[in-house]
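# Analysis of the macromolecular model
Chain by chain, the residues run as shown.
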Amino acid sequence: MSDFHPDLSFWFFDAMAHLDYSISLFAYNADSPRNLLSREYLKYRKDQSMQDRLSCFDGFMNWLLENHPGEYEKFPLFLQKIHDPNDMASYRSFRIVLDPNDKKPTPPAVFRVMIDEIFDKAYLASIYNGSNMAQLYTQYMNQR
């Protein structure tokens, strides 16, 4: 993990934290100490995501979609949806919400797919320093 690209790994761990929180809401009371601490941690991460380099991730995802769709497809689908300005999916109260108009809770099978995608070998390999994704990220950051 020490060889992960610092910015790409931030968004990897951020997605994992939101996924963990979304699943924990099913297992624990929303006001349990575990969920309260998770919310505080996610508030801290939200503040970090506003910093200069990290705040460019949405732009990078859109640039990647337009210019390198094959690399874009390595990202978990829920991350693609959340960072797509044309998709309604988002983090709402730190939960992953794919369709805000759907009033039913997210089925557990959907979370299982998200877990499988976030630990996909191709995605994990893409966030290491020296990977093609890291090079594309550097290229994007140099262009902006």
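Because the structure is predicted, anything quoted here is derived from the model rather than measured. (Residues numbered from 1 in each chain as written. Predicted model: local features only at pLDDT ≥ 70, side-chain atom pairs only at ≥ 80, totals over all residues. Heavy atoms only, no water.)

Our focus in this paragraph is the overall build of the protein chain. Helix and strand counts for the protein chain stand at eight helices and two strands. Helices (α) and strands (β) of the protein chain occur, in sequence order from the N terminus, as α-α-α-α-α-β-β-α-α-α. Scaling as 2.2 N^0.38, a compact globule of 144 residues should have a C-alpha radius of gyration of about 15 Å, and the protein chain matches this with 15 Å. Overall, the protein chain is about 45 × 25 × 25 Å in size when its C-alpha atoms are taken along their principal axes. Put simply, the protein chain has 144 residues, and 42% of those count as buried. Intrachain contacts of the protein chain at a sequence separation of at least 6 include 62% that bridge at least 24 residues. Accessible surface, the protein chain: about 8200 Å² in total, of which carbon and sulfur atoms supply 54%. Computed over 15 positive and 19 negative side-chain charges, the inter-centroid distance for the protein chain is 5 Å. (Helix = DSSP H or I, 4+ residues; strand = E, 2+ residues; numbered from the N terminus. Rg over C-alpha atoms; globule rule 2.2 N^0.38 Å. Buried < 20%, exposed > 50% of the residue type's maximum accessible area, 1.4 Å probe, protein only. Contact = heavy atoms within 4.5 Å. Areas by Shrake-Rupley, 256 points an atom, 1.4 Å probe, with all protein chains shown as cover. Lys, Arg positive; Asp, Glu negative; His and termini not counted. Charge placed at Lys NZ, Arg CZ, Asp CG, Glu CD.)

Inspection of every chain in the model, using the stated rule, returns 16 aromatic pairs. Relative to Phe111, the ring of Phe26 lies with its centre 5.6 Å away and its plane at 70°, an arrangement referred to as edge-to-face. Pair noted here: Phe26 is in helix α1 (residues 6-27) and Phe111 is in helix α6 (residues 108-118), with a separation of 85 residues, a long-range link. Exposure remark for Phe111: the relative accessible area of 6% places this residue in the buried category. (Phe/Tyr/Trp six-rings, centres within 6.5 Å; stacked < 30°, edge-to-face > 60°.)

It is worth spelling out the environment of Asp7 at this point. Structurally, the position occupied by Asp7 is in helix α1. What makes Asp7 buried here is its relative accessible area of 9%. Remark: the alpha-carbon pair of Asp7 and Ser32, spanning 25 residues in sequence, is separated by 31 Å.

The next point concerns helix α8 (residues 132-143). With twelve residues, α8 should reach 16 Å at 1.5 Å per residue; the first-to-last C-alpha distance of 17 Å fits that figure. Tucked inside the fold, the buried residues of α8 contact α1, α3 (57-67), α4 (69-72) and α7 (121-126). (Expected span 1.5 Å × (residues − 1).)

Every buried residue of α6 is listed here: Phe111, Met114 and Ile118. Down the axis, α6 shows its buried residues gathered within 55° of arc, on one side only. Seen from the buried face of α6, the exposed residues on the opposite side, beyond 90 degrees, are Ala109 and Arg112. (Arc of directions from axis to C-beta.)

Bringing the nonpolar core into the picture now. Grouped together as the largest cluster of nonpolar side chains are 32 residues, with contacts concentrated most on Leu8, Phe60, Leu64, Phe75 and Phe78. If we skip the residues at most four places from it in the chain, Phe78 touches Ala15, Tyr91, Ile96, Leu98, Met114, Glu117 and Ile118. (Core = buried A, V, L, I, M, F, W, Y, C linked by side-chain atoms within 4.5 Å.)

With the rule as written, the count across this model stands at eight salt bridges. Across the pair Arg45 and Asp14 runs a salt bridge whose closest N-O atoms are separated by 3.2 Å. Taken as a pair, Arg45 in helix α2 (residues 33-49) and Asp14 in helix α1 lie far apart in primary sequence, 31 residues in all. For Asp14, a relative accessible area of 5% puts it in the buried group. (Salt bridge = Lys/Arg side-chain N within 4 Å of Asp/Glu carboxyl O.)

It is worth spelling out the packing of α3 against α8 at this point. As a packed pair, α3 and α8 sit with axes 10 Å apart at the nearest point and diverge in direction by 110°. As judged from the angle between their axes, α3 and α8 are roughly perpendicular. Here α3 and α8 pass one another in a crossing that is right-handed. Contacts from Gly59, Phe60, Trp63 and Leu64 in α3 reach Met133, Leu136, Tyr137, Gln139, Tyr140 and Gln143 in α8. In terms of residue class, the contact of α3 with α8 is made up of seven nonpolar, three polar and no charged. (Axes fitted to C-alpha atoms, helices over the stretch in contact; angles between N-to-C directions. Parallel < 35°, antiparallel > 145°, perpendicular 65-115°, else oblique. Left-handed = near helix turned anticlockwise from the far one by under 90°. Nonpolar A, V, L, I, M, F, W, Y, C, P; charged D, E, K, R; others polar.)

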